[in-house]
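Fold and contact review
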Amino acid sequence: MSASARYKQASAALDGDSTTRWHTPGDQRPGQWLAVDLGQAQRIHGVSLDTGPWPKDYPRGLRVEVSRDSRAWTLVHERTTELPPITHLLDPHRAVRVVFEPIDARYLRLTCIGAHDRYYWTVAELGVHSPRSKQQP
Ligand SMILES: [Ca+2]
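Along every chain, residues carry numbers that run from 1 in the direction the sequence is written. Restriction of local features to residues with pLDDT of at least 70 applies here, the model being predicted, together with a cutoff of 80 or more for giving and counting side-chain atom pairs; totals for whole chains, interfaces and linings are based on all residues.

Grouped together as the largest cluster of nonpolar side chains are 26 residues, with contacts concentrated most on Val 47, Leu 49, Val 64, Leu 108, Val 123 and Leu 126. Helix and strand definitions here come from DSSP, where helices need a minimum of 4 consecutive H or I residues and strands a minimum of 2 consecutive E residues; each element is numbered from the N-terminal end. Of all the secondary structure elements, the ones that give two or more residues to this core are strand E3 (33-50), strand E4 (61-67), strand E6 (94-112) and strand E8 (125-129). For this core, the leading source of residues is E6, giving seven residues. To define a nonpolar core, we join buried Ala, Val, Leu, Ile, Met, Phe, Trp, Tyr and Cys residues through C-beta atoms within 7 Å and take the resulting set. Buried means a residue has 20 or more other C-beta atoms within 10 Å of its own C-beta, exposed means 12 or fewer, and partly exposed covers the counts in between; C-beta atoms are placed from the backbone.

Shown next as structure tokens:
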């Protein structure tokens, strides 16, 4: 797991503990990214970004790209969000859920395409969804 410029603790977004987090070093800005290597290609069709105890730190816009070789990337989701996503109202912990057409991927790259002057972008836990298992930690 890696993240853009000197963002430490990227692994905290995948440690199974929603009280630990990866977050941007300051207010969220377009271009900040978080990437994950699933270890091997697998069929996936969605991601969820759990904000843990920081529900206002959802990304104000998110681009999701996937790749099999970390060189050729396929855009599977891109949307700016001025208002809280509907999932935020249902479950603040899972502030962002993204579903896309099933695709084989080993690498995921999440990029912030929005900005906020008061809030970080936080990912307490990243969930990667495959068509077989609805949810994986
Ligand atoms: Ca965590």
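Another aspect to go through is the environment of Trp 22. Structurally, Trp 22 is set in strand E2 (residues 22-23). On the basis of neighbour counts, which here come to 23 C-beta atoms within 10 Å, the residue Trp 22 falls in the buried class. Measuring from C-alpha to C-alpha, the distance between Trp 22 and Leu 62 comes to 16 Å, with 40 residues separating the pair along the chain.

Glancing now at the pairing of E4. At least two bridges found by DSSP between two strands is the condition for calling them paired. Of the strand pairs in this sheet, E4 and strand E5 (residues 73-80) are connected by seven bridges, and their pairing is antiparallel. Among the inter-strand pairings, Gly 61 is bridged to a residue of E5, identified as Thr 80. Counted between consecutive antiparallel strands, the loop separating E4 from E5 contains five residues, among which Ser 70 sits at a positive phi close to 65 degrees. For E4 and E6, the ladder comprises six bridges, and the chain directions are antiparallel. Each bridged residue has a counterpart across the sheet, and for Val 64 the counterpart in E6 is Leu 110.

The predicted model of the chain has a mean per-residue pLDDT of 89, with 91% of residues at 70 or higher. Within the chain, the element-level pLDDT minimum falls on strand E1 (residues 2-3), averaging 63, and the maximum on E4, averaging 97. On a scale of 0 to 100, pLDDT captures the predictor's confidence in every residue.

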